Amino acid sequence: MQALYPGSFDPLTLGHLDVIERGSNLFQGLTVAVLRNPSKNPCFSVEQRLEQIRQATRHLAKVQVAAFDGLTVDFAQRCGAGVILRGLRALSDFEYELQIAHTNKSLAPQLETLFLATATTHSFLSSSVVKEVARFGGSVGHMVPTGVAEDLARLFNQSFP
Ligand code: ADP
């Protein structure tokens, strides 16, 4: 079965990457899909985010990377995915994720949503925390793949160690 891991990935963190690696072991193929969502005012362009994900998942043969707009369930159908993969960090994620999962189920009953619990080492990680730390010059090397750390340093005009 094919699976779809949709998200903003602005930027990709090691928490996302952990879900991608574990997810790709569970399915025949996994499409990581960046949502084109102009209302979110992202730090990185969709093209930059695609490149960050491509670079970080080069070692994963079953992973494909794509961008999409519109409904996730429609894109899942176009990819031939039977499962939407999402990550859960803490109780605070649960309500929002459950609402999306129920909405998607009501739109596409044949499509399942599967949640992977985050690795405990990554449970504190979010794209916004990473951006906040990087903006004020903190080290993010343990939070994001190397390519992303370089992009963040460039974005906030800092030298990369
Ligand atoms: P969205 O805007 O769709 O929430 P995100 O890029 O923030 O996009 O997150 C995509 C998915 O990855 C969500 O299911 C989110 O809960 C999950 N996720 C985010 N950070 C982590 C992490 N550190 N560990 C595991 N899953 C995570």
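In this text the structure is predicted, and so the values were computed from the model without any measurement.

Parameters at a glance
Residues numbered from 1 in each chain as written. Predicted model: local features only at pLDDT ≥ 70, side-chain atom pairs only at ≥ 80, totals over all residues. Heavy atoms only, no water. Helix = DSSP H or I, 4+ residues; strand = E, 2+ residues; numbered from the N terminus. Rg over C-alpha atoms; globule rule 2.2 N^0.38 Å. Buried < 20%, exposed > 50% of the residue type's maximum accessible area, 1.4 Å probe, protein only. Contact = heavy atoms within 4.5 Å. Lys, Arg positive; Asp, Glu negative; His and termini not counted. Charge placed at Lys NZ, Arg CZ, Asp CG, Glu CD. Near = heavy atom within 4 Å. Polar contact = N/O pair within 3.5 Å; in protein donor to acceptor, adjacent residues only side chain to side chain. Areas by Shrake-Rupley, 256 points an atom, 1.4 Å probe, with all protein chains shown as cover. 1 Å grid on protein atoms, 1.4 Å probe; cavity = no way out; pocket = protein on both sides within 12 Å on 5 of 7 lines; lining within 4 Å. Sits in = over half its atoms within 2 Å of the grid points. Nonpolar A, V, L, I, M, F, W, Y, C, P; charged D, E, K, R; others polar. Patch = residues over 30% accessible without salt bridge, like charges linked within 9 Å, V, L, I, M, F, W, Y side chains within 5 Å. Salt bridge = Lys/Arg side-chain N within 4 Å of Asp/Glu carboxyl O. Phe/Tyr/Trp six-rings, centres within 6.5 Å; stacked < 30°, edge-to-face > 60°. Pairing = 2+ DSSP bridges. Axes fitted to C-alpha atoms, helices over the stretch in contact; angles between N-to-C directions.

(A) How the structure looks around the overall build of the protein. In terms of helices and strands, the protein carries six helices and five strands. Its helices and strands taken in sequence order, the protein reads β-α-β-α-β-α-β-α-β-α-α from the N to the C terminus. For 161 residues, the compact-globule formula gives about 15 Å, and the C-alpha radius of gyration of the protein, at 15 Å, lands near that figure. If one aligns the C-alpha atoms of the protein with their principal axes, the spans along those axes are about 50 × 30 × 30 Å. The proportion of buried residues among the 161 residues of the protein is 47%. A fraction of 73% describes how many contacts in the protein between residues 6 or more apart in sequence connect residues 24 or more apart. Measuring between centres, the 14 positive side-chain charges of the protein sit 2 Å from its 14 negative side-chain charges.

(B) Representation of the site of the ligand in the model. Close to the ligand lie 16 residues, the nearest being Y5, S8, K40, G87 and T118. At a separation of 2.7 Å, an oxygen atom of the ligand approaches a polar side-chain atom of Y5. Contact with the protein chains covers 91% of the free accessible surface of the ligand, which is 550 Å². Most atoms of the ligand, that is more than half of them, are within 2 Å of grid points of the largest pocket. A total of three residues in the shell around the ligand trace back to one element, the largest contributor, which is helix α1 (residues 14-26). By residue class, the composition of the shell around the ligand is four nonpolar, seven polar and five charged.

(C) Examining a nonpolar patch on the surface more closely. A contiguous nonpolar surface patch, about 300 Å² in accessible area, is contributed by L91, F94 and L98. Assignment of secondary structure puts F94 in helix α4 (residues 91-107).

(D) Structural detail: the packing of aromatic side chains. This model, assessed by the stated rule, comprises two aromatic pairs. Ring centres 5.1 Å apart and planes at 75° place the aromatic pair Y5 and F9 in the edge-to-face group. In terms of burial, Y5 and F9 fall into one category: buried.

(E) How the structure looks around the sheet that holds strand β5 (residues 112-117). Ordered in space as β3-β2-β1-β4-β5, the five strands form an open sheet in which the pairing is parallel. The strands lining the two open edges of the sheet, one partner per strand, are β3 (63-68) and β5. The sheet shows a mean angle of 30° between the axes of neighbouring strands, direction not considered. Where strand β1 (residues 2-7) and strand β4 (residues 81-88) come together, three bridges link them in parallel fashion. Considered in β4, the bridge of A3 is made with V83. Sheet strands touched by α1: β1, β2 (29-35), β3, β4 and β5. Its angle to β5, the strand with the most contacts, is close to 125°. Against the sheet, α4 contacts β4 and β5, and its axis sits at roughly 170° relative to β4.

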